[in-house]
Each structure stands twice: as structure tokens, then as C-alpha cells.
Amino acid sequence: MTTPSDWLAEHEAESIDRLCDWLRIPSVSTDPAFAADVRRAGAWCRDHLRASGVDASLSETAGHPIVHAHVEGDPGYAGPHVLFYGHYDVQPPDPVDLWETGPFEPIVRDGRVIARGASDDKGQVAMFLEAMRAAHETTGKVAAGVKMTVLIEGEEESGSANLEAWLDEHAGELERCDVCVISDTGMLAADRPAITYGVRGLTYTEVTLKGPSHDLHSGMWGGKCPNPLNELPKVLAQLWDQDRRVTLPGFYDSVREPTGEERENWKRLGVDVVAALAGVGLSPDADVGEAGWSALEREWARPTAEINGLIGGYTGAGAKTVIPTHATAKVSFRLVADQNPDDIRDRFFAWLGERTPPGCSWELIEHGGGHPVTTPVDSAPLRAAVAAIERATGKRPELIKTGGSIPIGGLLKSKLGIDTVFMGFGLEDDRVHSPNEKFDLACFRLGARSHAELLTGLSGSA
């Protein structure tokens, strides 16, 4: 009997053609001008699932629709109820003039497909879609008999504004899921598959220090009233001590420390920090951060505070001698298990209030965030994903974390108690969010086979 992996190999050209068809749809969720195209991309995904026997639909939200489906599974199925999450919307293609070809005119060249969304996230979702097709064609069963819920949204690149409300509306169904599988992460290298078992959370804020009611002449007022552009950096500089630890009271109280085994495993990965620094134009002495932790540990297991923008005063050409009425900073915190983004926001805002410069006041805004997620490495679903990738590649995947944040993982954990396995196949050089985004066909092939092996493994037919 032909296996799903065999079917994928035999029909690879068709799979790539289907991916290119999807990539031609400019599903830019941030721009209202593309609203019809976003819906068209969702309908394309829905129809792909329907061709695999899945009763999929477009579930409406206040914004772009969610591709939604529920598969009951075989009557005797005893494995986990799997929630698959992905997104079909893409980033804007700008600057368009830096693309080698049209961003929505995919080309296949040198073993890779180049287009907006090739890796993030249409290419990675397409691996799952093709695995579903392969399982249906070879077993005659939807999802190879696995009980499954599918949630593929159209607003991830514009902040998932309506996702939380949708999760609340469908909580009764989603609470029955045991684990979420997301393909929106990467591998260590093309020949080093990996599973991400932890992502950091995020608290993002905008803080404005207000001073005089209007801009002042710096000759008349300099030195006799507060200058918000002088005072704000002085306050924010107090966020770190001499060891580069964050000084917010209680900031580290809930941090789940990595185990000694984890730290040893990460060390064995052999990540070249010097090369990584050189790749972004920095010398080896730029390896700085919280004392006592390596660069990889600081990225994967330690929380951080960062100033992402500082705005105020006159920034045009030439001179204008003013004391500005206000100064603004964008300040974010990357969080690790088991920190709570709301708690960190409240601690930060209270900390600022205690340091208000004389005569000034604050305007404090939260721009959202998400909970961190760490899945136990000994969980049955994670072990099943490891085994699936090993069957597909002949190599045992590395277990890694990432310093980035994937809000859906935190939402599922905080609202529904669902852990997530991040089973992604992107590469560091995929140019995600940049011109000439690409996805290696070897990664596409590997991901499709791995998802097919996961379905057959969970069904007991591997």
C-alpha cells in the first residue's frame, strides 16, 4: 500500500503548484484594500481542506474570517485531540522595488520558492494541508482517523485583533483539545530539524512623559523647568542594574528557571554566537546581557526589558532650540514561563509612577502582549512529534526554544490550558517579512512528510 510519504513524493510537483497558486493571492491583512483577497485566500485554504474530506468552513469574525474545521476521528481513536493552528495572511510586500520578481508572482528557482508568504506562513501551513491530502488519499480516512480541530486565521500579521473573542466563542469545542500543533517556527539548519518547545511572552507599552503645556524657548526656559527629553531617558536608564538585570521589584519572582539538563542540552547544540553577532555587524565583545547566563540562555530562558523607540522634540533639518512639551518611549518586555504579562505591565507602570520627575505627569498605554509557553519535553504529544520527524528524516530533532513570541500559544495556554508543540521548518535566511522571502523546497518536503508521519503515528498506523 502507498504510504502518505510515498504519495507526497509522487505528487510533489502538484503540491508545489498548489502552494504557488495560494501565494499568488495577496492576502495582506493590514491593508483594507486587500480585504477581498484575504477572504479569497481563506476560501482557497477551506477548499483545499474540503478536497481532503474535511468539512471546513469560513468562520466570520469582526475582521477577516478564520478557516475552521472539526474532524471526529475514528470511533476507536485513543490518541490526543489535536488543534492545528496557522495563518493565511501575509505581511505587506513593501518595499516592492527590492523584490527580484513580483512579491505575489511566485517563482521556483534553485530549489526554493520566492514570494511573500512563502515561509510565513502559507508555505508552512501548506505542508500540513498536503499531509492531510496524502493521508486521505492513502488511508481513505480524514486526517488518517485522528481527532482534530483546524484553526487557520487571517489576522495574525495585523495583531490577531479578533482571535481572542473567537476563542471565547468556541471555548466549548476547543477545551476538548489536548495539544496544539503550530508550524510557524524554524530549524537550526537545513539538515538539523528541530521542535520548539518554548516561546517567550510579551508585554508592549508606550509611555509618554508630559511637561510644559507647549514647546518652550530653550534659552529662556532651559535649566529652570523639566525637559521631558532629558528626564525620560534618566528614568528609563534605571530599568537595569550594573549586571544588566531588570530592576522592577518582583520581576523575577515567577520566572521558571531552566533545569541543569536543559542548559547542558543547549550547550551541546554548538550555536556559534560569534558568527551570529558577525551576521548582524557586531564584534564578539557585543555578547552582553544579564550576568551569569550565556547568549543562548538569555534568549531562551531569561526575561528582558528593551526600549524599542524614543520620540520627542524637534527632529527636522537644521536647528530649532526648544524644550518639548513631551517625550515618548516604546518599551517592551520579553517574558518567560511563568511570568504574567498583565502583572509585568502593572509593575512597570507603578515603577514609573514612583519615579515621576517633578512637575511632570505620565500617559501610559498598553499595546498588548501574550503569555509565554513552555511545553514539558516529556509530554506524549511532543514525543509523538519527535518520533514523526525522526521517521521522516532519519534524524532525531533537536529540542529548542526561541526568544520570539507567538501570541496564540500564550492565549491557548492561559485561556484553555492547552500546551503547544511548535513543529516548524523555516530557516534563518528565509527573509521573513523582508523582500525576496523564500522557502526551501527541501524544507517544504521535510515538513509535509513530518506532518504526514505525525498523523499516521497518532492514528496508530505508523
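Below, the structure is looked at part by part.

What counts and what doesn't
Residues numbered from 1 in each chain as written. Predicted model: local features only at pLDDT ≥ 70, side-chain atom pairs only at ≥ 80, totals over all residues. Heavy atoms only, no water. Core = buried A, V, L, I, M, F, W, Y, C linked by side-chain atoms within 4.5 Å. Buried < 20%, exposed > 50% of the residue type's maximum accessible area, 1.4 Å probe, protein only. Salt bridge = Lys/Arg side-chain N within 4 Å of Asp/Glu carboxyl O. Helix = DSSP H or I, 4+ residues; strand = E, 2+ residues; numbered from the N terminus. Pairing = 2+ DSSP bridges. Axes fitted to C-alpha atoms, helices over the stretch in contact; angles between N-to-C directions. Contact = heavy atoms within 4.5 Å. Polar contact = N/O pair within 3.5 Å; in protein donor to acceptor, adjacent residues only side chain to side chain. Parallel < 35°, antiparallel > 145°, perpendicular 65-115°, else oblique. Nonpolar A, V, L, I, M, F, W, Y, C, P; charged D, E, K, R; others polar.

### Remarks on the nonpolar core
Residues Trp22, Leu49 and Met148 are the most contacted members of the largest nonpolar core, which totals 72 residues. Membership of the second largest hydrophobic core comes to 25 residues, among which are Leu232, Tyr252, Ala329 and Val336.

### A word on the pattern of salt bridges
Per the counting criterion, the structure on display carries 34 salt bridges. Arginine 116 is the partner of glutamate 437 in a salt bridge, and the nearest nitrogen-oxygen pair spans 2.8 Å. Of this pair, glutamate 437 sits in the loop between strand 17 (419-422) and strand 18 (438-440) while arginine 116 sits in the loop between strand 5 (112-114) and helix 4 (122-139), and the two are 321 residues apart along the sequence. Residue classification places glutamate 437 among the buried residues on the basis of a relative accessible area of 1%. Classification of arginine 116 by relative accessible area gives buried; the value is 1%. Three or more residues are tied together by salt bridges with common partners; here these are Arg112, Asp429, Asp430, Lys438 and Asp440.

### Points about the sheet that holds strand 18
Pairing is antiparallel in the open sheet, where three strands are placed in the order 4-5-18. Strands with a single pairing partner mark the edges of an open sheet, and in this sheet they are strand 4 (107-109) and strand 18. Ignoring which end each strand starts from, the neighbouring axes of this sheet average 25° apart.

### What to know about the sheet that holds strand 11 (residues 304-312)
In space, the four strands of this open sheet follow the order 11-13-9-14, with antiparallel pairing throughout. Where the open sheet ends on each side, the last strands, each with one partner, are strand 11 and strand 14 (361-370). Neighbouring strand axes in the sheet, compared pairwise and without regard to direction, differ in orientation by 15° on average. Of the strand pairs in this sheet, strand 11 and strand 13 (residues 326-335) are connected by eight bridges, and their pairing is antiparallel. Bridged to leucine 310 within strand 13 is alanine 329. Contacts from helix 8 (residues 228-236) reach strand 9 (201-210), strand 11, strand 13 and strand 14, with the element oriented near 20° to strand 13.

### Section: the environment of arginine 24
Mapping arginine 24 onto the fold places it in the loop between helix 2 (12-23) and helix 3 (35-50). It is 8.2 Å that separates the C-alpha atoms of arginine 24 and alanine 115, two residues lying 91 residues apart in sequence. At a separation of 2.7 Å, a polar atom in the side chain of arginine 24 contacts the side chain of aspartate 21.

### Quick look at helix 14 (residues 407-416)
For helix 14, the full list of buried residues reads Ile408, Gly409, Gly410, Leu411, Leu412 and Leu416. For helix 14, the elements touching its buried residues are strand 3 (82-87), helix 5 (163-169), helix 6 (171-174), strand 7 (179-182), strand 15 (373-374) and strand 17. In the segment just after helix 14, glycine 417 is the residue with positive phi, at about 75°.

### Focus: the packing of helix 2 against helix 3
Look at helix 2 against helix 3: their axes get within 10 Å of each other, and the N-to-C directions meet at 155°. Regarding the angle of helix 2 to helix 3, the classification is roughly antiparallel. Of helix 3, the residues touching helix 2 (which contributes Arg18, Asp21 and Trp22) are Ala41, Trp44, Cys45 and His48. Grouping the amino acids of the contact of helix 2 with helix 3 by side-chain chemistry returns four nonpolar, one polar and two charged.

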